[in-house]
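Take a look at the letters that make up each chain.
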Amino acid sequence: MSMFEDIPVEVGVIYEGERVRKNDMQVELGGPKVKEKFELAKVRPMEAVEDGKVTIIGPDLKDIPEGSVVPFGIIVETAGPTLDAGLEGVIERRIHGYLNYIEGFMHLNQRYDIWMRLNKKSFQKGLNSFGYLGKVLYRLFKSELSIIEKVQITFITDPAKITEKFSEAVADYEARDAKARGLKDEEVDKVYGCVLCQSFAPSHVCVITPQRYSNCGAISWFDGKASASIDPKGPVFAIERGELINAEKGEFSGVNETVKKRSMGDVNKVWLYTAFDYPHTSCGCFEAIAFYIPEVDGLGVVHRNFKGVTVNGLPFSTLADSAAGGRQVDGFHGMSIEYMRSKKFFAADGGWNRIVWLPKEIKERVKEFIPADVVDKIATEENATNTDDLKAFLKDKNHPIVERWVEETAVEEAPAEEAQIEDQTMPVMTASSLPITAGGFKIILKDAKIYANKVIIKTLKDEKAK
Ligand code: SF4
């Protein structure tokens, strides 16, 4: 008898990666329209957990009108003789994978960013209670992580209860992250990899070091270590760091070898501390994305919950689509908010001296980690809404990036003969992966460098006028 015989829909890995579009949606739980939502795992004493108990606080699925978007919280409480609080992050991240096994159910993101949808078809088949989700989670936790002896699960849709538990959850996440700070990449010989997101991003491999948190912000180096030790065949595994190839960029031989193997040869080289050339791959559930702003030669950062458009006129979703899917795209870097608190945060690109724009909300959250001499020189949406304003702001504040402009002007003013030589030897464009669609084929140029005798830049207006 299947473990899920009494569940009205199928449950299995084949449903991972399944999307539920708005038109097919019975209900949306959490997501960008809801301010407070969370999922949290806790390790409790044995006597505090009733094995198999599922509690629903607030309306159940069958009581929520079709097409609704509701606030949502999940608490998974576990107990076991060898379980300790250091495993909470690992247990919590499994909620994502396990719920995605359910036919017609989609789970995205993590922690305070969760976004879930149930489709109408599965609801009509009878998946009309959180009780079924609880049974699936309970059975998968017990069968896949034998270290867990007892599990009880609580689903919350009652807004008042969510508000009460939300602040507790946020304090828990912060305590977990703070514990992981302090250790340096140079001090460890093992780092950790995660391929949980390969169902959405087939060539994506997260490389989790003490100073580079996972893209989703849910797995620290300590979590990686704990996960690999309790479930060595699971999605999180140890990587022998190997030889240090480039200390500035953050390149290690063992990381390159493992990423190449786990990405099926798609990604051969990863530089951990930069957004350029060989940046870390971007999956789909990164908390924020860094993007290059050529007009000022700086980097902007925008997080998933930012509602407006960034300083280059594009919203988070468009920027995220430019890099998501496990790609390595020059100038883009999907990342966690916690990475912004690391000393290695884009260290090879100039660190905070290279950051020119970020939403106010994020600036406030990471303010104490931004060097005091640059914090007021970084623009937010309140200071600049386009690149002209940004340039003026940076100049006015004398942001460190302005020095780079001076250097570039000096290159531009080099003697004509020298400039000519530059033209012949420098590529006009480089890209680690450049897709071209032509004649019914998609051609992907790897590590492309394009040379041209002449570059003609035309505005779209000129083209239309023809
Ligand atoms: S973002 Fe990275 S660490 Fe987080 S679940 Fe995905 S692959 Fe794993």
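Residue positions within a chain follow its written sequence, with the count starting from 1. A pLDDT threshold of at least 70 governs which residues receive local features in this predicted model, and a stricter bar of 80 or more applies before side-chain atom pairs are shown or counted, although totals over entire chains, interfaces and linings include all residues.

Caption draft 1: Here's a closer look at unusual backbone geometry. Non-glycine residue Asp277 carries a positive phi angle of around 65°. We count a stretch as a helix when DSSP gives it H or I for four or more residues in a row; a strand needs E for two or more, and each element gets its number in order from the N terminus. Among the secondary structure elements, Asp277 is positioned in the loop between helix H6 (253-262) and strand S14 (288-293). For Asp277, a count of 16 C-beta atoms within 10 Å corresponds to the partly exposed category. One non-glycine residue, Phe346, lies in positive phi territory at about 40°. Whether a residue is buried, exposed or partly exposed follows from its count of other C-beta atoms within 10 Å of its own C-beta, namely 20 or more, 12 or fewer, or something in between, respectively; the C-beta atoms are built from the backbone.

Caption draft 2: Representation of the environment of Phe237. Tracing the backbone through its elements, the reader meets Phe237 in strand S11 (residues 236-240). Along the primary structure Phe237 and Lys225 are separated by twelve residues, whereas in three dimensions their C-alpha atoms are 8.0 Å apart. Dropping the residues within four chain positions of it, Phe237 is found in contact with Tyr192, Gly193, Ala228 and Pro232. Throughout, a pair of residues is in contact if the C-beta atoms placed from their backbones lie within 7 Å.

Caption draft 3: Fine view of helix H4 (residues 159-180). Helix length check: H4 (22 residues) gives 31 Å between terminal C-alpha atoms against 32 Å at 1.5 Å per residue, within 8%. In H4, a bend of some 25° at Lys165 exceeds every other bend along the element. Three or more residues of H4 are buried, namely Ile162, Ala169, Tyr173, Arg176 and Ala180. By definition here, a helix of n residues has an expected span of 1.5 Å times n minus one. A residue's bend is given by the angle between axes fitted to the 7 residues ending at it and the 7 residues starting at it.

Caption draft 4: Molecular detail of helix H3 (residues 130-144). Here H3 spans 21 Å end to end across 15 residues, near enough to the 21 Å set by a 1.5 Å rise per residue. All buried positions along H3 are accounted for by Phe130, Tyr132, Leu133, Gly134, Val136, Leu137, Tyr138, Leu140 and Phe141. Looking at the packing, one finds that the buried side of H3 touches strand S3 (54-57), strand S5 (73-79), helix H1 (88-100) and strand S8 (150-156).

Caption draft 5: Focus on the sheet that holds strand S4 (residues 68-70). At least two bridges found by DSSP between two strands are what make those strands a pair. In spatial order, the strands read S4-S1-S7-S6; together these four strands make up an open sheet with mixed pairing. Each end of this open sheet is capped by a strand with a single partner; those strands are S4 and strand S6 (105-108). Each strand of the sheet is rotated relative to its neighbour by a mean of 15°, with strand direction disregarded. As defined by bridge partners, S6 adjoins strand S7 (residues 115-119) across four bridges and the pair is classed as antiparallel. Within the sheet, the bridge partner assigned to Leu108 lies in S7 and is Trp115. Sheet strands touched by H1: S6 and S7. Its angle to S6, the strand with the most contacts, is close to 155°. Angles run from 0 to 180 degrees between N-to-C directions of axes, and those axes are lines fitted to C-alpha atoms, restricted for helices to the stretch in contact.

Caption draft 6: View of the pairing of strand S9 (residues 190-194). With four of five residues buried, S9 lies mostly within the body of the structure. Of the strand pairs in this sheet, S9 and strand S10 (residues 206-208) are connected by three bridges, and their pairing is antiparallel. Residue pairing across strands places Gly193 opposite Val207, the latter belonging to S10.

Caption draft 7: Looking closely at the sheet that holds S14. Read from one edge to the other, the open sheet built from four strands follows the order S16-S14-S15-S17, with strand pairing classed as mixed. The open sheet is flanked by strand S16 (332-335) and strand S17 (355-357), the only strands paired with a single partner. Direction aside, the axes of adjacent strands within the sheet are offset by 35° on average. The pairing of S14 with strand S15 (residues 298-303) spans six bridges and is antiparallel. Along S15, the bridge assignment pairs Ala290 with Val301.

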